[in-house]
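# Close look at the chain arrangement
Read off the chains here:
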Amino acid sequence: MLDYRRFKEINDLFASGQTEKARHLLMEMQSRCIALRDEMSMLKIRLQSLEDVLYLAQNLFEENGFYWLHTSSVRQGPFCPRCYETEGGLIRLDKRKHGLECPCCRATYEHLPALDAAASSGMKAGAARILHFAR
Ligand SMILES: [Zn+2]
């Protein structure tokens, strides 16, 4: 925590001609500011990770053995169940001639006719997007 009274102390030291003491205290304050900035950056990253986890908890769902994600009004997916369950990665499955394939772990899945209607919003062969989320 930054003690703001220290700034007045520094000012008083300069005013009374104790420049070396003031400079020393100023450097100490600078060091604390840098440490606080680093801590704030780390906390921002942590907050973003938690928001991502919360977003997933609210918008990720399982259907027909695959994972899907609701984003605004669009349904994204299907995502590879193996990658999600082992690494927490959301890997969109590629449509192949005889099924679906994960571009990451290469697992293949039987294509279900029910997926056609559900996946019409955005699943294109070769257009896999990899989204990494912590579980
Ligand atoms: Zn996979």
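Residues numbered from 1 in each chain as written. Predicted model: local features only at pLDDT ≥ 70, side-chain atom pairs only at ≥ 80, totals over all residues. Heavy atoms only, no water.

Of note, serine 72 is situated in the loop between β2 (66-71) and β3 (74-79). The class for serine 72 is exposed, based on a relative accessible area of 77%. As for serine 72 and asparagine 59, which are separated by 13 residues in sequence, their C-alpha atoms are 9.5 Å apart. (Helix = DSSP H or I, 4+ residues; strand = E, 2+ residues; numbered from the N terminus. Buried < 20%, exposed > 50% of the residue type's maximum accessible area, 1.4 Å probe, protein only.)

Moving on, we get to the packing of aromatic side chains. Considering all chains together, one arrives at 3 aromatic pairs under this definition. Seen from their ring centres, phenylalanine 66 and tyrosine 109 are 5.5 Å apart, and the 80° between their planes marks the pair as edge-to-face. Within this pair, whereas phenylalanine 66 is found in strand β2, its partner tyrosine 109 is found in strand β7 (residues 108-109), the two being separated by 43 residues in sequence. Above the plane of the ring of tryptophan 68 lies arginine 75, whose end atom (NZ or CZ) is 4.1 Å from the centre. (Phe/Tyr/Trp six-rings, centres within 6.5 Å; stacked < 30°, edge-to-face > 60°. Lys NZ or Arg CZ within 6 Å of the ring centre and 35° of its normal.)

Before going further, it helps to examine the side chain of threonine 71. Along the chain, the position of threonine 71 falls in strand β2. One polar contact links threonine 71 to glutamine 76, side chain to side chain, over a distance of 3.5 Å. If we ignore the near neighbours within four places in the chain, the residues touching threonine 71 are Tyr55 and Gln76. (Polar contact = N/O pair within 3.5 Å; in protein donor to acceptor, adjacent residues only side chain to side chain. Contact = heavy atoms within 4.5 Å.)

Let us now look at the coordination of the zinc ion. For the zinc ion, the protein coordination sphere consists of Cys80 (SG), Cys83 (SG), Cys102 (SG) and Cys105 (SG), at 2.3 to 2.4 Å. Every donor counted, the 4 donor atoms about the zinc ion form angles of 105 to 116° at the centre, which fits tetrahedral coordination. The sequence pattern formed by the donor residues of the zinc ion is C-x2-C-x18-C-x2-C. One end of the pair, cysteine 80, is in the loop between β3 and α3 (81-87); the other, cysteine 105, is in the loop between β6 (99-101) and β7, and 25 residues separate them in sequence. Judged by relative accessible area, which is 0%, cysteine 80 ranks as buried. (Donors = N, O, S within 2.8 Å, 3.2 Å for Na, K, Ca; no water. Tetrahedral: all angles 85-135°; square planar, octahedral: opposite > 155°, others 65-115°.)

Take the sheet that holds β3 next. Pairing within the open sheet is antiparallel, and its 3 strands lie in the order β1-β2-β3. The open sheet has two edge strands, β1 (60-63) and β3, and neither has a second partner. Between one strand axis and the next, the sheet turns through 30° on average, direction left out of account. In the sheet, β2 pairs with β3 via 4 bridges, with the strands oriented antiparallel. Directly across from threonine 71, in β3, lies its bridge partner valine 74. Across the sheet, helix α2 (residues 19-59) lies against β1 and β2, angled at about 105° from β2, the strand it touches most. (Pairing = 2+ DSSP bridges. Axes fitted to C-alpha atoms, helices over the stretch in contact; angles between N-to-C directions.)

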